[in-house]
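Take a look at the letters that make up each chain.
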Amino acid sequence: MTWNSVCRVSLLLALPTLTFADVIKLKDGRVLDGEIIQDDEKVLKIKVKNGALTIDRKDVASIEKKSTPAQEYKERLARLDSKNAAAQAEMGVWAGSRGLAGEAVLHCLEAWKLDPTLKAASDELERQDYHLVSGVWQNPDTYYPGRGYLKLDGRWYKPLEHAWRSSLKQVEVLSSARTEAKTVLAAAQARVARTEAQKSADLTKIDRLEGEIKDAEEALPGAKDVVAAAETDLNAAQTELQSSIASEGSGGKTSGSSDARRKVAAAEAALGKARKAVVALESALASHPAEIEKTRQGLGLVDAEKARGVEEVAKRGEELRRAEEAVKTESSRAAKAKEAWEKSK
């Protein structure tokens, strides 16, 4: 098998799974590029770069299928005259224009091997950052390290520029850390504020309950007196009702019993109200102390949580201080590195 055949087989094997780029035009004027993965009478599902979209089929105006660069490359490769230097160069330039960098390099290297005078092949290799050294084309990873260059984020820089750009990148990292430290500190401060608000609410509750106990203790004797008076009034009303009923039975007036019944009903209502007031006061005296004790125990937990929060705020505050100092120091280093690089130009 010849070298050209090996290259052709290798390129075919290296190609990604071949798909078509579908162009979907919608009735509202929008145009979508992707791969149709489902198409029925109701919906159209399209695979796009960041996921998938589902569209109502009735909203689609038209669908056009286009070959991807990989598909078109495969078709061109099948027609390529591998021994023709100009054809190889043309193929390489085309591949480079379609973002197929590896294929561009392979075809241009073959073109240059067939005819070293072909400028199109040399120009494309240079666009791909290849360098001709002593009759050999060197890739970036071979060419630059030998000349003292350093790599950063896929690009090669001279040492001084590399130092500056590395420092700039570090400033970004430290700035992100500073932002995160600010966020964490704010969250810790918010937790402390919530515990302070909870403590204030609990203290207010205790004051209210203690006030209600004091008021209940003062009001209970009078409330019981009211109950006693209401019981006396009810007894009197009931006695009056019995007298009225007896009088009616002996031929007396009949309106007397009606008035007496109303008095009894009013006395019963007054007594019920008075007794409810006593029950409410006695309930407060019975339940409030336990509620106060429970709230005081909760205050202990709140105080402990606040103490932890204050400690965390101090810790996060120190972290933020260090982060800000780190950003300041690295920013100064970056400025000096940039100055040194610019002077070296």
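In every chain, residue numbers begin from 1 and rise along the written sequence. Under the rules for a predicted model, residues below a pLDDT of 70 receive no local features and side-chain atom pairs below 80 are neither given nor counted, while totals for whole chains, interfaces and linings still include all residues. By convention in this description, side-chain values take in all heavy atoms of the structure and omit both hydrogens and water.

Peer 1: What exactly am I supposed to notice about the nonpolar core here?
Peer 2: Take the buried residues of types Ala, Val, Leu, Ile, Met, Phe, Trp, Tyr and Cys, join any two whose side-chain atoms come within 4.5 Å, and each joined set is a nonpolar core. Each residue's exposure class comes from its accessible area (1.4 Å probe, protein chains only) as a fraction of the maximum for that residue type: buried when under 20%, exposed when over 50%, partly exposed otherwise. Within the largest apolar cluster, 15 residues are counted, with the highest numbers of intra-cluster contacts made by Val227, Leu234, Val264, Leu271, Val278 and Leu281. For this core, the secondary structure elements donating two or more residues are helix H7 (159-249) and helix H8 (255-344). Helical segments are the DSSP runs of H or I of at least four residues, strand segments are the runs of E of at least two, and each set is numbered from the N terminus. No other element matches the 8 residues that H7 contributes to this core. By the convention used here, residues are in contact when the closest approach between their heavy atoms is within 4.5 Å. Sequence-distant contacts of Leu271, that is, excluding residues within four places in its chain, are made with Val227, Ala230, Glu231 and Leu234. Residues Ala85, Leu125, Tyr130 and Trp137 belong to the second largest nonpolar core, which totals 11 residues.

Peer 1: Would you mind going over unusual backbone geometry with me for this structure?
Peer 2: With glycine set apart, most residues show a phi of negative sign, and most peptide bonds adopt trans. Although it is not a glycine, Ser134 adopts a positive phi angle of roughly 50 degrees. With respect to the helices and strands, the residue Ser134 is situated in the loop between strand S6 (131-133) and strand S7 (136-138). The backbone of Asp153 shows a phi angle near 55 degrees, a positive value even though the residue is not glycine. Structurally, Asp153 can be placed in the loop between strand S8 (150-152) and strand S9 (155-157). Under the relative-accessibility criterion, Asp153 is labelled exposed at 59%.

Peer 1: What is the right way to read the environment of Lys58 from this model?
Peer 2: Inspection of the secondary structure puts Lys58 in the loop between strand S4 (51-56) and strand S5 (60-67). Residue Lys58 is classed as exposed on the basis of its relative accessible area of 56%. When the C-alpha positions of Lys58 and Asp28 are compared, they lie 11 Å apart, and in sequence the two are 30 residues distant.

So far we have only geometry, and geometry alone does not tell us how the molecule works.
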